[in-house]
Amino acid sequence: MEPAQPADRVPADRTPPGGQPPVDQPAGTEPAATGPTAPATGEPALVGGEPASAAGEPAPDPSVQPSVARPVPGDAAGGPDDATGTGERSAPPPRVAAAATKAERSPKDMAISLLVLLIPIALLLAFYRGFLGGDQATTVDPAPAIEQARSANIFPVSEPQGLGSGWRTVSARYQTVEGGANLRIGYLTPEGRGVQLLQSNVPAEQLLPAELTDQSQPQGPTELAGRTWQRYTARGNQQALVLLEPTRTVLVVGDARDNELRDLAGALR
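Residues numbered from 1 in each chain as written. Predicted model: local features only at pLDDT ≥ 70, side-chain atom pairs only at ≥ 80, totals over all residues. Heavy atoms only, no water.

Regarding the overall build of the protein
From N to C terminus, the protein includes five helices and nine strands. Ordered by position in the sequence, the α and β elements of the protein form the string β-β-α-α-α-β-β-β-α-β-β-β-β-α. Sorting the 269 residues of the protein into buried and exposed places 23% on the buried side. When contacts within the protein are restricted to residue pairs at least 6 apart in sequence, those whose partners lie at least 24 apart make up 45%. In the structure as shown, the protein presents an accessible area of about 19,100 Å², 55% of it carried by carbon and sulfur atoms. (Helix = DSSP H or I, 4+ residues; strand = E, 2+ residues; numbered from the N terminus. Buried < 20%, exposed > 50% of the residue type's maximum accessible area, 1.4 Å probe, protein only. Contact = heavy atoms within 4.5 Å. Areas by Shrake-Rupley, 256 points an atom, 1.4 Å probe, with all protein chains shown as cover.)

What follows is the structure, encoded as structure tokens:
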């Protein structure tokens, strides 16, 4: 770029821009000013809105931006891991941190954690069994069902007398069924086995297959409290004692031992 010209100097080259023919002007006549008003004498001329450099130096080109030094990754200031130029190292990835934490847990720590979980469970279970009777079956009073069967007056009703304190009544129900009515009383023996006492006026040929299965067969008679009972096989490992009477059939059936079945059947009065 050429230095700024004084305001009173006439350019030597009068060739108009754009390839137009030169225009002759009278001698002593200055060309009309087409640009901005020239600055007063003693003030620096403005070129492109910026003051010209003193002492005839060309003004800097505003279109040229000064170069800015950028940090180079891996240099001495930032180091190989300093990508941002701040001098700080980045944190390790989360996977690496999680793997390191997991590796620090020993089998002893896991065993202690499991023990901490099992102790409260064991205490709750002991409290449930020892103080709340969680293992004990719910007992019921069979008197209402027995009284209902006697009020119906369909068949003679018997109930056990003199059973030991280890016997518990867990169910009692009287209901009418097809062909008659049934009185069922369920017991738990002193050994914790289940026995059911059934009294019914349903015909034996209909009642026995339904209660003991079609394959049940008599195994021989047995005398209990002056009555003749028949021994029968039943479902699975169960066995039964059957008392056949003209107006009713009595069954004592369950997975209890033979002596417990005999105790219940012999206690009926």
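Next comes the rest of the description.
Let's talk about the environment of Asn 182
Tracing the sequence through the fold places Asn 182 in strand S4 (residues 180-188). Sequence-wise, Asn 182 and Ala 149 are 33 residues apart; in three dimensions their C-alpha atoms are separated by 8.3 Å. Ignoring any residue separated from it by four or fewer positions in sequence, one finds Asn 182 in contact with Arg 173, Tyr 174, Gln 175, Val 177, Leu 198, Gln 199, Ser 200 and Val 202.

Considering the nonpolar core
Core analysis: the biggest nonpolar cluster contains 24 residues, and Leu 183, Trp 229, Leu 241 and Val 252 have the highest contact counts within it. Excluding residues that lie within four positions of it along the chain, Trp 229 makes contacts with Gly 220, Pro 221, Thr 222, Leu 224, Leu 241, Val 242, Leu 243, Val 250, Val 252, Ala 265 and Leu 268. Membership of the second largest hydrophobic core comes to 11 residues, among which are Leu 198, Leu 207, Leu 208 and Ala 234. (Core = buried A, V, L, I, M, F, W, Y, C linked by side-chain atoms within 4.5 Å.)

So, the packing of aromatic side chains
By the definition in use, this model includes one aromatic pair. For the pair Trp 167 and Tyr 187, a centre-to-centre distance of 6.3 Å together with 75 degrees between the ring planes defines the contact as edge-to-face. Of this pair, Trp 167 sits in the loop between helix H3 (143-152) and strand S3 (168-177) while Tyr 187 sits in strand S4, placing them 20 residues apart in sequence. Each of the two residues, Trp 167 as well as Tyr 187, counts as buried. (Phe/Tyr/Trp six-rings, centres within 6.5 Å; stacked < 30°, edge-to-face > 60°.)

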